[in-house]
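# Descriptive analysis of the structure
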Amino acid sequence: MSWVKQALEQLKSNGTCTIYPTGNSMRGKIESGQEVCLTNKTLDELTVGDIVFIRWKGNYLLHLILEIKEDQILIGNNLGKVNGWINRRDVLARMDEINAR
């Protein structure tokens, strides 16, 4: 996933990035190839329903927050799949904006 490498580099250097993720797991919220802006500057403001860029089992995903319990966050996609719980520290960025195609 080349968009992942780009996101990691840009977030590290300036705290924001614009990516064009591919895939269909977030269809209906984010379409494959659609422009998405991420930031790591507002991670203390996470809420249920936010779209987040996360570290997940050695990989990286752009998924929804389904539930928050203290430092644990339940994540899933927009097609109804629940992935599981992650630690808050595995949230790398939060979606700031989606731009129409």
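Residues numbered from 1 in each chain as written. Predicted model: local features only at pLDDT ≥ 70, side-chain atom pairs only at ≥ 80, totals over all residues. Heavy atoms only, no water.

### Let's talk about the pattern of salt bridges
Counted under the stated rule, the structure contains five salt bridges. The network of salt bridges with common partners includes Glu45, Asp50 and Arg94. (Salt bridge = Lys/Arg side-chain N within 4 Å of Asp/Glu carboxyl O.)

### Here's the deal with the pairing of strand E1 (residues 16–19)
Burial of the side chains of E1 is restricted to one face: Cys17 and Ile19 are buried, whereas none of Thr16 and Thr18 on the reverse face is. Pairing analysis gives four bridges linking E1 to strand E2 (residues 35–39), with the strands arranged antiparallel. Of the residues in E2, the one forming a bridge with Thr18 is Cys37. (Buried < 20%, exposed > 50% of the residue type's maximum accessible area, 1.4 Å probe, protein only. Helix = DSSP H or I, 4+ residues; strand = E, 2+ residues; numbered from the N terminus. Pairing = 2+ DSSP bridges.)

### Here's the deal with the nonpolar core
With 16 residues, the main nonpolar core has Ile19, Leu38, Phe53 and Leu62 as its most contacted residues. Listed by contribution, the elements that provide at least two residues to this core are helix H1 (2–14), E1, E2, strand E3 (51–56), strand E4 (59–69) and strand E7 (91–99). Tallying contributions element by element places H1 first for this core, with four residues. Ignoring any residue separated from it by four or fewer positions in sequence, one finds Ile19 in contact with Trp3, Gln6, Ala7, Gln34, Glu35, Val36, Leu38 and Leu62. Grouped together as the second largest cluster of nonpolar side chains are ten residues, Leu46, Ile54, Ile65 and Ile75 included. (Core = buried A, V, L, I, M, F, W, Y, C linked by side-chain atoms within 4.5 Å. Contact = heavy atoms within 4.5 Å.)

### Thoughts on the sheet that holds E1
On the basis of which strands lie adjacent, the open sheet formed by seven strands has the order E1-E2-E7-E3-E4-E5-E6 and antiparallel pairing. On the outer flanks of this sheet lie E1 and strand E6 (82–87), each paired with one strand and no other. Strand-to-strand, the axes of this sheet are offset by a mean angle of 40°, without reference to chain direction. Taken together, the five bridges between E4 and strand E5 (residues 72–76) define a ladder with antiparallel strand orientation. (Axes fitted to C-alpha atoms, helices over the stretch in contact; angles between N-to-C directions.)

### Topic: the environment of Ser2
Its location among the elements puts Ser2 in helix H1. For Ser2 and Pro21, which are 19 residues apart along the polypeptide, the C-alpha to C-alpha distance reads 8.7 Å.

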